[in-house]
Amino acid sequence: MGNCYDTSNNCLINKAHDENIDLVWDRYEKMKPQCGFGEMGICCRICLKGPCRIDPYGDGPKEGICGADADTIVARNLVRMIASGTASHSLHGKEIAKTLLHVAKGETDNYKVKDIRKLKNIAEKLNIDTEGKTINQITEEVAMASLMDYSRLENTPCNWLSNTLTKSRLKKLTDLGVALNNIESSVTDIMSRTHMGTDADAINILLAGLKCALGDYVGMQISTNLSDTLFGTPEPIISESNLGVINENAVNIAVHGHNPLLSEIIVDVADEMEEEAIKAGAKDGINIVGVCCTGNEVLLRRGIPLATNFLSQELAILTGALEAMVVDVQCIMPSLAKIASCYHTELFTTMPDAKISGATHIELNEKNSVENARVIIKKAIEKYKMRDKNKVLIPKRKSKVIAGFSTESIIKLLSKIDKERPLKPIIDNIVNGNIKGVVLFAGCNNVKIMQDNNFVTMAKKLLDNNILILATGCAAGAYAKNELMNSEATFKYAGEKLKEVLTLLGKEAGLDVPLPPVLHMGSCVDNSRGVDLAVALANELGVDLDQLPLVASAPELMSEKAISIGTWVATIGLPVHIGMLPPVGGSQLTIDVLTSKLKELLGGYFIVEENPIKAANKLIGIIKEKRVDLGI
Ligand code: BF8
Ligand code: SF4
C-alpha cells in the first residue's frame, strides 16, 4: 500500500494494485530488508579486490582488504555522493550558460534574452562593465564569466561564489581552503582522491567534499540567474496544484525533470497548437502540467499547474488521462516507461544523456527544439484519440497556489512599503519578533517517509510559532499540493503575529489578500534565491549568515543532489535539519565533522531528527538561540 499524507492519491494507488502495476511503494516493500552495511556507508566497492564491508558491532573486519578503515570508506562514499550532486546541478547550469552564449552569438532563434534588466543586474554583480556595450556583448560576457567558473586554472574563487556571499563568509571559506575556483575540477578531484589508495584521511576527504559542494551552489546560482535572463524573473502568479489539475477534457502533457530550456519551448509550442487539439475532440485544448522541478520552473514563470512532486510521479500516468510525459534530466523514475506501456501514454525522453528504454527519444537542442516540440505535441494529440475512457480516474483534489517569489519579486513587493530600504519592513518585523525567524524547506520525498508528512507537519508547527517559511523543489511541491501556499493557509496556520505581518504586507503591496505563509521560491536550483535573500538581509544587518535566525530543512531527503545542497548550506553557515541519517552511521568521525566540527569552523552544521514535531521544536530552539545572540 502506498504511503502518502495526501489521501486523495489512494484511489490511484488502489487502481494500480487492481491492474497489477507495481509502484514505488511496492518496489520498496520488495526490497526489504535493505542492506545494513550500505545504510551505514561501510560497504566499499571502489576497487576490484572488494566489495569490502566493515563489521560495525562484532568481531569481523574493521578494515577493507587494502586497509581502509570505516572513516575512510564512509567519507569516500559520502563525497562521491556530493560529487554526483554537484555534477548534476552544475551541468544544468552549464547547459543554460552555453545556450546564453549561443543567443549572444546569434546562433539560435529558439531562445532570446527576455529579461534585460536581470542581465544588467547580473553584469553588475559579476563586475562586468556594461558602459557602451550592446546587449549581445553583455550577454556574451555574462555567459563567458559563468562558463569560466567551470574551467578556471588560477586559484581565485569562482565568480558566482565571490560575488554572491557576504565578505566575511568568503573569507572564512578562503581561510579554510575551500573557496572553490573551478566546478569541474572539484568533481574530478573527488573522483581522483577517492580512487583506491589515494586519500585515506577522512577529514581531508570531507574538506574536499565541502569545496565540491560549493560547486553545487555555484551551479545553482548560474542555473537560476541565467534561466531568469532567458525566460524571465518570476513574479507572484496564481495557479493550482495536485493531480486534480489533469483535465479530462484536454490533451494532457506532463513536463518532468529539471531543465527549463525544454519545458519553456513545450509551453510556447502548445499555445500555438491549441486548435489542433480542439479539432481532435479535446474541447479544452492542450493542458500542460508540471512534475518535480521542471514543474516548479514553469509554474513560477508561466503559471503552469503543478501535478505532483517526486514520489507520486507515477500516479500522473495512472490517471489514464495523460497523453504524454516529456522528461529531461534527473529524478525521473525509470519505472515510468513500463507504467506508460500499460496505458495510451507516451513517454518522451529529450536529452542525449537521459534516455530510458521503452521511451520514445526525441531530442530537443538549441537548433531543433521548436520543430521537435511540435512533433511531440502532435503525437500527444494523436494519443488523445486512443485514450480509454474506462481507465480514466482523476482525483478531484487541487489547491490554489500563489507562487513566483523570486528574491527580486519579494524586494519589489517590499519596496512598495519602503522604497529606499525595501528590506527594512522584514528586518523590523524580525527584530520586533512578529516574524521570529525563517526556515527554508528544500529537498525531496523519500519512500522511507510518508510522502509530504514531514513537510506539512513541521510547517504547521513552525507557522504557529510565527516562523516564516520559504520552499523550493519537492518541498515546494508538497506545500503547493497540500494547501499551504495560499492566503487561506495564512488565516488557518500562521500565528497571530505572523498573520498580521502577512496581511499587512499583502495589503501594502497592493494585493487584496495576505501573502501565503509558505513562499514558493522555485525549483531546487532556486535555493540560490534563498541565499540571495539571506545575504541581502545579512548585509543590511551587518552580520554573517550564521548569525541570522535562519535555518534550512530537508526532512524527506532522497537524492545525491540533496546531499550536496545540504553540505553547501551548512558550509555557508546555516544549520541544516535532515529527516533521516544519510549513509554515514558507520563513522563517528564523519558524523562529528558534519555536526560539531563544522559548527566550530563555519557556524553551519547538520541536525538529524526523524520525528517532524521534535524537528520543528529543535528548529524553534535554534532560532531562539540565534535571536538571543543577536540581542533581539
Ligand atoms: O531537484 S527535490 S526529488 S525533483 S532532487 Fe529531485 Fe529532490 Fe525533487 Fe528537483 Ni531536488
Ligand atoms: Fe576494499 Fe579497499 Fe578496494 Fe575499497 S578500495 S573495495 S576497501 S580493497
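Residues numbered from 1 in each chain as written. Chains lettered and ligands numbered in written order. Predicted model: local features only at pLDDT ≥ 70, side-chain atom pairs only at ≥ 80, totals over all residues. Heavy atoms only, no water.

Peer 1: Please set out the overall build of the protein chain residue by residue, giving values where relevant.
Peer 2: Along the protein chain, the regular secondary structure elements total 26 helices and 16 strands. Relative to the compact-globule value of 26 Å for 632 residues, the protein chain shows a C-alpha radius of gyration of 24 Å, a close match. Principal-axis analysis of the C-alpha atoms places the extent of the protein chain at approximately 65 × 65 × 55 Å. Relative to its 632 residues, the protein chain shows a buried fraction of 61%. Looking at the protein chain alone, contacts between residues at least 24 apart form 76% of all its contacts between residues at least 6 apart. (Helix = DSSP H or I, 4+ residues; strand = E, 2+ residues; numbered from the N terminus. Rg over C-alpha atoms; globule rule 2.2 N^0.38 Å. Buried < 20%, exposed > 50% of the residue type's maximum accessible area, 1.4 Å probe, protein only. Contact = heavy atoms within 4.5 Å.)

Peer 1: Tell me about helix α16 (residues 369-384), and please be specific about residues and values.
Peer 2: Because an α-helix completes one turn every 3.6 residues, residues spaced three or four positions apart along the sequence face the same direction. Counted at 1.5 Å a residue, the expected span for α16 with its 16 residues is 22 Å, and the 22 Å between its end C-alpha atoms agrees. Of all the positions in α16, only S369, N372, A373, I376, I377, A380, I381, K383 and Y384 are classed as buried. (Expected span 1.5 Å × (residues − 1).)

Peer 1: I'd like a rundown of the site of ligand 2, residues and numbers included.
Peer 2: Close to ligand 2 lie C44, I46, C47, K49, G50, C52, G64, I65, C66, R76 and M196. Residue classes in the shell around ligand 2 are distributed as seven nonpolar, two polar and two charged. (Near = heavy atom within 4 Å. Nonpolar A, V, L, I, M, F, W, Y, C, P; charged D, E, K, R; others polar.)

Peer 1: Tell me about the sheet that holds strand β11 (residues 437-441), and name the residues and values.
Peer 2: What the six strands build is an open sheet, ordered β13-β12-β11-β14-β15-β16; its pairing is parallel. In the strand order of this sheet, the two ends are held by β13 (518-522) and β16 (605-608), each with one partner. Strand-to-strand twist across the sheet, computed as the mean angle between neighbouring axes with direction ignored, equals 25°. When strand β14 (residues 550-554) meets strand β15 (residues 575-578), the two strands line up parallel, connected through three bridges. Following the sheet pairing, S553 is matched in β15 by H577. Across the sheet, helix α24 (residues 560-571) is in contact with β14, β15 and β16; its angle to β16 comes to roughly 125°. Of the strands in this sheet, β11, β12 (467-472), β14, β15 and β16 touch helix α26 (residues 612-630), which is tilted by about 145° from β16. (Pairing = 2+ DSSP bridges. Axes fitted to C-alpha atoms, helices over the stretch in contact; angles between N-to-C directions.)

Peer 1: Can you explain the pattern of salt bridges? Please cite residues and give values.
Peer 2: Under the criterion given, the structure shown has 36 salt bridges. Salt-bridge contacts for E184 lead to K94; the nearest nitrogen and oxygen are separated by 2.9 Å. Here E184, found in helix α9 (residues 183-193), pairs with K94, found in helix α4 (residues 70-104); they are 90 residues apart in sequence, far enough to count as distant. The exposure class assigned to E184 is partly exposed, which follows from its relative accessible area of 31%. (Salt bridge = Lys/Arg side-chain N within 4 Å of Asp/Glu carboxyl O.)

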